[in-house]
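Each chain, written out:
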Amino acid sequence: MDDSTSWQHTTATQTLYFHPDYLDAVRAEQKTTTVRFRDPVETGPVSLVFELDDEVALPGVVTQVTAKTFAQLSESDARADGFRDLAELHDRLRFHYPQIEPTNTIAIVHFRLAK
């Protein structure tokens, strides 16, 4: 029996789920980050999944994950996430995460579409 398979590194691709509203902005590369709360993400290959009637999955790469508090988010964070301004980002995050507080740590996930 060959035992070599037990030593092989698995390269399972992680999945990031997105609201369907963000599909066009991601495809156009106008949205290059996503803010996540209590959703661990690592750098490396990722499947960007948009939850539509017919699920859409785009191959991507998480290039960086930065931790900061909700209160530390900036205008540039908001623009990279595809929003007009910080107020719009805050509103959207409160929609997705109603329990989020200013002192909660969030992850800013930087990603790009795979070429």
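Here is what the cut-offs are and how they apply
Residues numbered from 1 in each chain as written. Predicted model: local features only at pLDDT ≥ 70, side-chain atom pairs only at ≥ 80, totals over all residues. Heavy atoms only, no water. Helix = DSSP H or I, 4+ residues; strand = E, 2+ residues; numbered from the N terminus. Polar contact = N/O pair within 3.5 Å; in protein donor to acceptor, adjacent residues only side chain to side chain. Contact = heavy atoms within 4.5 Å. Pairing = 2+ DSSP bridges. Axes fitted to C-alpha atoms, helices over the stretch in contact; angles between N-to-C directions. Core = buried A, V, L, I, M, F, W, Y, C linked by side-chain atoms within 4.5 Å. Buried < 20%, exposed > 50% of the residue type's maximum accessible area, 1.4 Å probe, protein only.

Observations regarding the side chain of T34
- Relative to the helices and strands, T34 resides in strand β2 (residues 33-36).
- Among the polar contacts made by the side chain of T34, one reaches the side chain of R36 at a distance of 3.0 Å.
- Residues in contact with T34, not counting those within four places in the same chain, are L16, F18, D81, A107, I108, V109 and F111.

Focus on the sheet that holds strand β1 (residues 14-18)
- A sheet is described by the order of its strands in space; here 5 strands give the open sequence β1-β3-β4-β5-β2, paired in mixed fashion. Two strands in the sheet have a free side with no partner beyond their single neighbour: β1 and β2. With strand direction ignored, the average angle separating the axes of adjacent strands in the sheet is 40 degrees.
- Where strand β3 (residues 44-50) lies against strand β4 (residues 56-69), 7 bridges are found, and the strand directions are antiparallel. When the sheet's bridge partners are listed, S47 is paired in β4 with P59.

Quick word on the nonpolar core
- Counting residues in each nonpolar core, the largest one holds 29 residues, and the members touching the most others are L16, L48, F50, L58, L73 and L89.
- Within the residue set of this core, elements represented by two or more residues are β1, α1 (23-27), β3, β4, α3 (86-96) and β5 (105-113).
- Here the element with the most residues in this core is β5; it accounts for 6 residues.
- In contact with L48, not counting residues within four places along its chain, are L16, F18, V26, V56, A57, L58, G60, F111 and L113.

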